[in-house]
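A closer look at the structure
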Protein chains: 2
Amino acid sequence: MYDSVAVVGATGAVGTLILRLIEERKFPYKKMKLIASGRSAGKKIKLNGEEIVVEELKPEVFDGVQLVIASTPDDTARDFIPYAKERGCLIVDESGYWRMDPTVPLVIPEVNAEDIRKHHGLISSPNCSTTQMVVALKPLHDYGKVKRVIVSTYQATSGAGLAGTRDLVNGTKAFLEGKDYQMETFPYPIAFNCIPQIGSEKERGYTSEELKLLYETRKILGDDTIKVCPTAVRVPVSNCHSESITVETEKKITVEKARELFAAMPGVIVMDDLKAKNYPMPWKCHDTNEVYIGRIREDISAENSITFWCVSDNLRKGAATNAVQIAEWIQANL
Amino acid sequence: MYDSVAVVGATGAVGTLILRLIEERKFPYKKMKLIASGRSAGKKIKLNGEEIVVEELKPEVFDGVQLVIASTPDDTARDFIPYAKERGCLIVDESGYWRMDPTVPLVIPEVNAEDIRKHHGLISSPNCSTTQMVVALKPLHDYGKVKRVIVSTYQATSGAGLAGTRDLVNGTKAFLEGKDYQMETFPYPIAFNCIPQIGSEKERGYTSEELKLLYETRKILGDDTIKVCPTAVRVPVSNCHSESITVETEKKITVEKARELFAAMPGVIVMDDLKAKNYPMPWKCHDTNEVYIGRIREDISAENSITFWCVSDNLRKGAATNAVQIAEWIQANL
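Residues numbered from 1 in each chain as written. Chains lettered and ligands numbered in written order. Predicted model: local features only at pLDDT ≥ 70, side-chain atom pairs only at ≥ 80, totals over all residues. Heavy atoms only, no water.

It is possible for side chains of opposite charge to pair when their charged atoms get near one another. A full pass over the atoms with the stated rule returns 52 salt bridges over all chains. Between Asp 272 of chain A and Arg 259 of chain A there is a salt bridge, with its nearest N and O atoms 2.6 Å apart. With Asp 272 of chain A in the loop between strand E12 (268-270) and helix H8 (282-285) and Arg 259 of chain A in helix H7 (residues 255-264), this pair connects stretches of sequence that are 13 residues apart. A salt bridge links Arg 316 of chain B to Asp 287 of chain B, with the shortest nitrogen-to-oxygen separation between them at 3.0 Å. Of this pair, Arg 316 of chain B sits in helix H9 (residues 316-333) while Asp 287 of chain B is found in the loop between helix H8 (282-285) and strand E13 (291-298), placing the two residues 29 residues apart along the sequence. Relative accessible area serves as the criterion here: at 2%, Arg 316 of chain B is assigned to the buried category. (Salt bridge = Lys/Arg side-chain N within 4 Å of Asp/Glu carboxyl O. Helix = DSSP H or I, 4+ residues; strand = E, 2+ residues; numbered from the N terminus. Buried < 20%, exposed > 50% of the residue type's maximum accessible area, 1.4 Å probe, protein only.)

Right, here's the structure in full:
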C-alpha cells in the first residue's frame, strides 16, 4: 500500500479523466499531489472534496511520493521519469516513451498483470489502439494461438488530446457555416474527412501508430512470432476508437467459440447480434471502461481465421482506466 | 450510335450527377427524356440549355427510346427494366437488383468493357464500394493473380442517397447545438459515430454490402477463386468512400511494382508519399472521377501480400461516372 500518490499531467485530457476515475473507483491514497507543466501550476483542482493546488513538474516535487500515475507527452516522460525514479517513486506511465524498454513491463491488467512484479520502478501502459486490440486477442491467443492479425483502425480525435477535439468540433462548426478554420494539430481538415496517417513515418512505409500495434502487441502477449498488418486512420469521431480486426490462429476458432471466449474475458462486453442491429459503436461505448466486441464472423477468405469489430473508449480503457487499473493492482498486491 | 436517350431516376442524388456528367463530358444524344417517380413528374430540369419536363416512370415512356441510363432503388429496377427491355431499350442500370444475373454483364469500363458486347439489353454498373476496389485490384490481378483480399471500408453517407447526407449534416448540426435529431435513413446517429452495418443481414453474419465486395468482384474479374474478407462501415464523411485493402497474390508484387502497376492503370491516380503527407482523403478526392491509391506498403504479416489505402468519389466513379462511361462505350462501339 502506497499512501503518497501523485498524478503527473493532471490538467490534460487523460489526466483529468484519471482524477475522475480516482473518485469513481475510490482509489486509495492518503496524500495526493497534482503535477503539471509550469503553464498549469497554481491552478486549483477539487479531488474527493479536497482542493489541491497544481504543482510544477520538477525533481523536488517527487520527494516523499511513493506512487506516480503519469500522462504526459513522450519527451516530458523521457525527461522526468529518471529523476522521479531516483527519488524512489514507482511510476505508472501512459506515454509512449518507455514502453519498448526491455526493463519496463508493458501491462494491461486483464492480460498480463503479473508482469508488474518485474518492474524496476516503472510500468508502462500501452497505446490506446493497442490496448483494446490486445484485450480482444488475449483469449483467442490462449485458446488457439494467434499467428497473424490484420487490423484497420477508425480512431477518434480525442486520441490527439484536447486540441484534437477542438479541431473536430470547431472545424466541423466552421465547415457547416462555410467559414475557414486553422487546424491546431491535424495536418488536414478532419471534419467529414478521414486521414490515413497517425504519428510519424517509421519503417517500410508504416507510421509510428501502426508499428505500436505490432511491437506492443508482441511484448504484452509475450510472443514475438505474432505478425500484424496494421493500418491506422483518423476519423471524424470525437471519442472511442473502432477497429476492424481479422485474426488467423493456429487452431480453428469457430464463431460460437470466439463469442464464448470473448464473453469470458474480463473487461470485455460482447454486443453481437446483427439481426437486432446490436454491435459496438463509439456513440454507445463513450465514457465506459470496457472493450466492446461485435460483428463476430468466420473469415470467409481463409481457414482458421475470424474477423470482428471492436470499440473502446480510447481515453478510458485506452489510457486513463488502464493506468489506474495498474495502480490499483499495485496498491492491492505490492 | 443511339440518338434517343433517357435517364431514369433523374432527380435523385446519382441521377442529378448523371445529368452533370452528360453536360461535362459532352455525352452525345439527339433526344433526351428525363424520367422519375410520380412525385417528381412535371418538374423542369435544364440540360445543355434545354428545359426538359420530367416524365413519370411507366411503360409507354420508353417507346422510341434506344439507350437508358438508370439509377433507382432496387425494387424500382426490378419492376421497370423488363418492360423497358421489351420496348427495345438498351439499359445501363446502377441499381443492385440485376447485377448478379448471369445474363447481365457487370461492367467497369477500365476493367472489363468487352463484357458489354455479351449484353441481352441490360448492363449493370457495380456497387460503389466494389467499383473502386476492383479498379485497384485489376492490375494486381493481371500481374500476380489475386488470391485473397481483406477489405475494411470507411463509407460516406452520400452512399445512402440524399437522406444520408441530410442525416449527417442536420444530425451533426443538432448534436453541436445539443438538440435532438430524428434520423431519416440510418438506424443510429451518424454524427461523430461509426456504424458497422451497411445493408441487411445476409449469409454467415455478413451484410448485403459486404457480400457485394465478394460476389461482384468475382464476376467483374471473371475469377471465382478470389477470396474476400469484407467489413463495411459507415463513417461520418459526407462524400467519397475510403478502403483499407490488403491483397495476397500468387506471384509476389513489390511496393515499387505495385506503384508502377497502379500508375499505369487507366482511371487510377497514385498519391503515395507518406513523408510529404501525400495520400488520398475524401476531402481531396471529392467531385473527381478517378480512383486514388496511396499508403502502398508491403504487408509485414505475410509473404506475397501488399496493403494500401484507396479513396474514390462514390457518387461519381462509384455510380454516375461509371454508368455514363458504360453508356459512352456503347455509343462509341455498338
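A separate point is the interface of chain A and chain B. Across the boundary between the two partners, chain A contributes 63 residues, which contact 62 residues of chain B. Both faces considered, chain A and chain B share a buried interface measuring about 5400 Å² in area, 61% of it formed by carbon and sulfur atoms. Broken down residue by residue, the surface that chain A buries against chain B is led by Tyr 188, Phe 192 and Ile 300 of chain A, which jointly contribute 13%. Taken together, chain A and chain B are joined by twelve salt bridges. In this structure, Arg 295 of chain B and Glu 210 of chain A form a salt bridge, with 2.7 Å as the shortest nitrogen-oxygen distance. The interface formed by chain A and chain B contains 34 residue pairs in polar contact (both at pLDDT 80 or more). (Contact = heavy atoms within 4.5 Å. Buried area = accessible area lost by both parts, 1.4 Å probe. Polar contact = N/O pair within 3.5 Å; in protein donor to acceptor, adjacent residues only side chain to side chain.)

Now for unusual backbone geometry. Note: most peptide bonds trans; most residues except glycine with negative phi. Residues and elements named next belong to chain B. Its identity as a non-glycine residue notwithstanding, Arg 204 has a phi of 50°, on the positive side. You can see Arg 204 is positioned in the loop between helix H5 (161-176) and helix H6 (208-221). A positive phi is found at Asp 287, a non-glycine position, where the angle reads about 70°.

Note: predicted coordinates in regions of low pLDDT should not be interpreted at a detailed level. For chain A, mean pLDDT is 97; residues scoring 70 or higher make up 100% of the total. Both confidence scores are given for the complex: pTM 0.97, ipTM 0.97. (pLDDT = per-residue confidence, 0-100.)

Attention shifts here to the state of the cysteines. In protein structure, a disulfide is the covalent linkage between the sulfur atoms of two cysteines. Residue and element names in this part refer to chain A. In the structure shown here, the tally under the stated rule is zero disulfides over all chains. With no disulfide of its own, Cys 285 lies 5.7 Å from the sulfur of Cys 240, the closest cysteine sulfur. Unpaired in terms of disulfides, Cys 310 finds its nearest cysteine sulfur in Cys 285, a separation of 9.0 Å. For Cys 310, a relative accessible area of 0% translates into the label buried. (Disulfide = S-S within 2.5 Å.)

Our next topic: the packing of helix H4 (residues 128-144) of chain B against helix H7 (residues 255-264) of chain B. All names here are of chain B. Contact pair H4 / H7: the axes reach a minimum separation of 9 Å and the direction vectors enclose 120°. Judged on the interaxial angle alone, H7 and H4 are oblique. Both H4 and H7 take part in a crossing whose hand is right-handed. Along its contact with H4, which presents Ala 136, Pro 139, Leu 140 and Tyr 143, the element H7 presents Lys 257, Ala 258, Leu 261 and Phe 262. Counted by class, the contact of H4 with H7 contains seven nonpolar, no polar and one charged residues. (Axes fitted to C-alpha atoms, helices over the stretch in contact; angles between N-to-C directions. Parallel < 35°, antiparallel > 145°, perpendicular 65-115°, else oblique. Left-handed = near helix turned anticlockwise from the far one by under 90°. Nonpolar A, V, L, I, M, F, W, Y, C, P; charged D, E, K, R; others polar.)

Attention shifts here to the relation of the copies chain A and chain B. By a simple turn and slide, chain A fits onto chain B: the slide is 0.0 Å along the axis, the RMSD is 0.0 Å, and the turn is 180°. Taken together, the rotation and translation relating the two chain copies correspond to the operation of a two-fold axis. The fraction of interface residues of chain A whose copies in chain B are also interface residues reaches 98%, indicating that both copies meet through the same surface. (Least-squares fit on C-alpha atoms with pLDDT ≥ 70 in both.)

Our next topic: helix H5 (residues 161-176) of chain A. Here H5 of chain A contains 16 residues, and its C-alpha end-to-end distance of 23 Å stays within 8% of the 22 Å for a straight helix at 1.5 Å per residue. Where H5 of chain A is concerned, the buried positions are Ala 163, Gly 164, Asp 167, Leu 168, Gly 171, Thr 172 and Ala 174 of chain A. In an axial view of H5 of chain A, the angular spread of the buried residues amounts to 165°, which keeps them on one side of the axis. Considering only its buried residues, H5 of chain A is in contact with H5 of chain B. At the C-terminal side of H5 of chain A, Gly 178 of chain A shows a positive phi close to 70°. (Expected span 1.5 Å × (residues − 1). Arc of directions from axis to C-beta.)

Our focus in this paragraph is the sheet that holds strand E14 (residues 305-312) of chain B. Residues and elements named next belong to chain B. Overall, mixed pairing links the six strands, which are arranged E10-E9-E11-E14-E13-E12 in an open sheet. Since the sheet does not close on itself, it has two edges, and those belong to strand E10 (227-231) and strand E12 (268-270), each with one partner. Sheet twist, expressed as the mean angle between neighbouring strand axes with direction ignored, is 25°. Of the strands in this sheet, strand E9 (146-154), strand E11 (241-249), E12, E13 and E14 are in contact with H4, which crosses E11 at around 25°. (Pairing = 2+ DSSP bridges.)

A word on the packing of aromatic side chains. The final tally for this structure, using the stated rule, is 17 aromatic pairs over all chains. Taken together, a centroid distance of 4.9 Å and an interplanar angle of 75° make the contact between Tyr 154 of chain B and Trp 309 of chain B edge-to-face. Residue Tyr 154 of chain B is found in strand E9, and its partner Trp 309 of chain B is found in strand E14; the two are separated by 155 residues along the sequence. Each member of the pair, Tyr 154 of chain B as well as Trp 309 of chain B, is classed as buried. Through successive ring pairs, a cluster of aromatic residues spans Tyr 154 and Trp 309 of chain A together with Tyr 154 and Trp 309 of chain B. (Phe/Tyr/Trp six-rings, centres within 6.5 Å; stacked < 30°, edge-to-face > 60°.)

Residue and element names in this part refer to chain A. Mapped onto the elements of the fold, Ala 160 is located in the loop between strand E9 (146-154) and H5. Owing to a relative accessible area of 24%, Ala 160 belongs among the partly exposed residues under this scheme. Remark: the alpha-carbon pair of Ala 160 and Thr 185, spanning 25 residues in sequence, is separated by 7.5 Å. Those residues in contact with Ala 160, other than ones at most four positions away along the chain, are Thr 185, Phe 186 and Arg 234.

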